[in-house]
Amino acid sequence: MSANYNNYSGQPVYIMGSDKQQTKGRDAVSMNIRAAKAVATLVKTTLGPVSMDKMLVNQIGDVVITNDGATILDEMDIEHPTAKMIVEVARTQEDIAGDGTTSAAVLAGTLLEKAQELMEQGVHPTSILNGYRLASEKAMSYLDEYKIDIDSSDVEILKNISNTSITGKASESYSETISTIAVNAVLKVLENGEVNIDDDILIVQDKGQKITDSELVEGVVLTKKALHPNMPKKIQNPKIALIDTPLEVEKTGTESKIQIKSADQMEAFVKEEDKGFKKMVDAIVKSGANAVFCSKGIDDNAVHYLQKNGIYATRRVKESEMKSLARATGAKLVRSLYEIDETDIGSAGLLEQVGESDDAKTFIKECSNAKTVTIVLRGGTEHVTENIERVFDDALHVIASAVEDHEVVPGGGASEISTANILRSFAPSVGGREQLAITAFADSLEIIPRTLAENAGLDGTDMLIKLRSGSGKDKYVGLDVYEGKVVNMVEKGVLDPVRVKKQAIKSASEATAMVLRVDDVLRADKKDMMNVKPEHNIHNYDASGMM
Ligand code: ADP
Ligand code: MG
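Quick caveat, the model's predicted, so the values are computed rather than measured.

1. Focus: the site of ligand 1
Move 1: Within the structure, ligand 1 sits among 21 residues, and Gly48, Thr102, Ser103, Gly412 and Asp496 are positioned closest to it.
Move 2: Note that an oxygen atom of ligand 1 is positioned 2.9 Å from one of the side-chain N or O atoms of Asp99.
Move 3: Between ligand 1 and Thr101, the relevant distance is 3.3 Å, taken from an oxygen atom to a main-chain nitrogen or oxygen of the residue.
Move 4: Contact with the protein chains covers 95% of the free accessible surface of ligand 1, which is 570 Å².
Move 5: Here the shell around ligand 1 is composed, by residue class, of seven nonpolar, 10 polar and four charged.

Written out as structure tokens, the structure is:
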């Protein structure tokens, strides 16, 4: 929460106007729980492969249709502070695990709902907090036993993990394309056991064709074209130079004005300048390069010489794209032009410009040792490509988690049911009021398979009973949502990264604890705070952080 405290004491000092509103004790907790639950309910129907989409319409009428919990919560304008904490749960989940946002939000809502029930039976929030903490710790250590180690290079397993994360978000007919591309992309950029998705896997949207025409380019795709129509548009095994300095003559400042008095002088000056450009281009030619990417400007005179030498060139390439080109082709960024030599030159299998209009693209592909790759995402309209980009993002993150951690758990509610079973047998060993809370935690975990069942039009209670008893015999059984049957999810290939499951439990438990610890909600208006003088050394009070 924002800092409503005095800097020195470390003790919270809430600063209120005289017309403050205050809600105390149980009422405060109930009110907060209601708000948090409302948010969880909002995304509940999107959980799982057979679930509903949400259409989000913002104030100016833009439409987003999505099945992604994180996107929904992000796009909604949620005001209530406790409700915001659930949004925060989803965000943390997205940041750390890249998937499982709906599960985390739904779990947090249910933990709070069950806590409310316990409080109504007279259990003190402290006992609930303790019980939940013990349950969460036990769940974590159980997941370490329960998980399955995988071979990080097993393409089929990785595709299964990807499919588990994206089914329901993309039509069945696309998931094969998406998962294949995403797995190949992650494996290509894997370095020292780590994957840097943000820097090394670029996504370029290319409207017009079908989603299944999307492709993985081992290299970089720029929305750029050659500077001159006569420059080559297709070069096999291009020799690539990355020039990080302008191919221009520095403009003369006012200090050093050149006095040109006659036509002869003018000609001499132009000739001299021309020589300069020729010298620049000669340096490039000498290095062996036949494709030039320049982060700065290229003078038209230089363009002329480049073209005459059969060199492809484009200018004002973004800094990030220059870095990507370097990672893909092995070229070095050249900062002083006359020092360029063959060791600075990078390679690729093919350079190709596609199209002539403003959205023409240049592909630098088939790079043999590309550490940066590009997914060219195709689709009919922007709505389609944007939705598919979010789907790719999910797929890439779960694959990366699985490859980095090389461990998974079976999905379809299998891990939740099995963990719930373990917690139920663990609860009596703790005893007391905490025991009740641990059982409530177990019940809460079961919201995942229950919701998966209900969203698929199955009877939640009925399926839960079958799952509980099935899980006792085979801990890997979960719900086959399409058939309405209880089956071994490992055999079905329905797999989620452990990181996703652990983080969901962790962030949901933490948010729950925060809500339960509050027993006093004070509401102040911003205007009251205006009276606080800076010399009181009190941090700015952020009214949005409170009720
Ligand atoms: P989240 O935002 O929590 O990832 P999703 O809508 O992606 O929500 O649903 C994830 C849940 O769906 C996971 O529990 C996963 O195991 C389950 N799931 C995915 N595919 C299947 C499947 N084919 N059968 C059963 N459960 C599945
Ligand atoms: Mg998911």
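2. Some words on the pairing of strand E14 (residues 350-354)
Move 1: Note: strand E8 (residues 234-236) against E14, three bridges, orientation antiparallel. Residue pairing in the sheet places Gln236 in a bridge with Leu350 of E14.
Move 2: The sheet contact formed by E14 and strand E15 (residues 361-365) spans five bridges and is antiparallel. The partner of Val354 across the bridge, within E15, is Lys361.
Move 3: In this antiparallel pair of consecutive strands, E14 and E15, the connection spans six residues, and Gly355 shows a positive phi of 90°.

3. Considering the nonpolar core
One recurring pattern in soluble globular proteins is that nonpolar side chains are buried together.
Move 1: Counting residues in hydrophobic clusters, the biggest one holds 100 residues, and the most contacted among them are Ile128 and Leu516.
Move 2: With 10 residues, the top contributor of residues to this core is helix H12 (residues 382-405).
Move 3: If near-sequence neighbours (up to four positions away) are discounted, Ile128 is found in contact with Ala115, Leu118, Met119, Val123, Ala437 and Leu516.
Move 4: Counting 43 residues, the second-largest nonpolar core is a separate cluster that includes Ile235, Ile240, Leu247 and Ala348.

4. Here we look at the environment of Lys365
Move 1: Examined against the element boundaries, Lys365 turns out to sit in strand E15.
Move 2: Residues Lys365 and Asn237, spaced 128 residues apart in sequence, show a C-alpha to C-alpha distance of 9.5 Å.
Move 3: Ignoring any residue separated from it by four or fewer positions in sequence, one finds Lys365 in contact with Val217, Glu218, Ala348, Gly349, Leu350 and Glu352.

5. Section: the sheet that holds E14
Strand pairing within a sheet occurs via backbone hydrogen bonds; the two strands may be parallel or antiparallel.
Move 1: The strand order across the open sheet built from four strands is E7-E15-E14-E8, with neighbouring strands paired in antiparallel fashion. Two strands in the sheet have a free side with no partner beyond their single neighbour: strand E7 (220-222) and E8. Here the strands of the sheet are splayed against their neighbours by 15° on average, with no regard to which way each runs.
Move 2: Running at roughly 145° to E7, helix H11 (residues 319-329) makes contact with E7 and E15 of the sheet.

6. Observations concerning helix H4 (residues 101-120)
Move 1: The end-to-end C-alpha distance of H4 is 29 Å, a good match for the 28 Å that 20 residues give at a rise of 1.5 Å each.
Move 2: Among the 20 residues of H4, 16 are classified as buried, and the element is accordingly described as predominantly covered.
Move 3: Downstream of H4 by one or two residues, Gly122 has phi in the positive range, about 95°.

7. Some details on the sheet that holds strand E16 (residues 373-379)
Move 1: If you walk across this open sheet you meet the three strands as E5-E16-E6, and the pairing is mixed. Bordering the open sheet on either side are strand E5 (201-207) and strand E6 (215-217), each of which pairs with just one other strand. Strand-to-strand, the axes of this sheet are offset by a mean angle of 25°, without reference to chain direction.
Move 2: Each of E5, E6 and E16 touches helix H7 (residues 172-189); the most contacted strand, E16, lies at about 165° to it.

8. Let's talk about the packing of aromatic side chains
Move 1: Here the structure, examined in full by the defined rule, presents four aromatic pairs.
Move 2: Taking 5.3 Å as the distance between ring centres and 65° as the angle between the ring planes, the aromatic pair formed by Tyr146 and Tyr476 counts as edge-to-face. Residue Tyr146 is located in helix H5 (residues 125-146), and its partner Tyr476 is located in the loop between helix H16 (460-473) and strand E18 (477-480); the two are separated by 330 residues in the primary sequence.
Move 3: A residue is classified by how much of its surface remains accessible, and Tyr476, at 19% relative accessible area, is buried.
Move 4: Taken together, a centroid distance of 5.7 Å and an interplanar angle of 45° make the contact between Phe293 and Tyr312 tilted. Residue Phe293 is found in strand E10 (residues 291-294), and its partner Tyr312 is found in strand E11 (residues 312-314); the two are separated by 19 residues along the sequence.

9. Side note on the confidence of the model for the protein
Move 1: A residue-level look at the protein finds 89% of positions with pLDDT of 70 or above and a mean pLDDT of 86.
Move 2: Low pLDDT, under 50, characterises residues 1-18; the predicted model gives this stretch 32 contacts beyond four residues in sequence or across chains.
Move 3: With pLDDT under 50 throughout, residues 527-547 is counted as low confidence; its partners more than four residues away or in other chains account for 38 contacts.

About the criteria used
What you see as residue numbers is a count from 1 along each chain, following the sequence as written. To read the labels, note that chains go from A and ligands from 1, taken in the order they are written. For this predicted model, a pLDDT threshold of at least 70 governs which residues receive local features, and a threshold of 80 or more governs which side-chain atom pairs are given and counted, while totals over whole chains, interfaces and linings are taken from all residues. Hydrogens and water molecules were not included; the side-chain quantities draw on all heavy atoms of the structure. Nearness of a residue to a molecule or strand requires only that one of the residue's heavy atoms be within 4 Å of it. Any N or O atom pair separated by 3.5 Å or less is treated as a polar contact, with the protein-specific requirement of one donor-capable and one acceptor-capable atom, and with residues adjacent in sequence counted only for side-chain atom pairs. Each accessible area is a Shrake-Rupley result for a 1.4 Å probe, and residues are judged covered by the shown protein chains and nothing else. Residues are grouped as follows: nonpolar covers Ala, Val, Leu, Ile, Met, Phe, Trp, Tyr, Cys and Pro; charged covers Asp, Glu, Lys and Arg; every other residue, Gly included, is treated as polar. Only strands that DSSP links by at least two bridges are regarded as paired with each other. We count a stretch as a helix when DSSP gives it H or I for four or more residues in a row; a strand needs E for two or more, and each element gets its number in order from the N terminus. The criterion is simple. A nonpolar core is a set of buried Ala, Val, Leu, Ile, Met, Phe, Trp, Tyr and Cys residues joined through side-chain atoms within 4.5 Å. Under the scheme applied here, a residue whose accessible area is under 20% of the maximum for its type counts as buried, over 50% as exposed, and between as partly exposed, the area being computed with a 1.4 Å probe on protein chains only. Working rule for contacts: check all heavy atoms of both residues, and any pair within 4.5 Å makes them a contact. For helices, the axis comes from a line fit to the C-alpha atoms of the stretch in contact; other axes are also lines fit to C-alpha atoms, and the angle between any two N-to-C directions lies between 0 and 180 degrees. By definition here, a helix of n residues has an expected span of 1.5 Å times n minus one. Each pair of aromatic rings taken from Phe, Tyr and Trp, with Trp reduced to its six-membered ring, is defined by centres within 6.5 Å and is described as stacked if the planes are under 30 degrees apart, edge-to-face if over 60, and tilted in the remaining cases. Each residue carries a pLDDT value, the predictor's own confidence for that position, ranging from 0 to 100.

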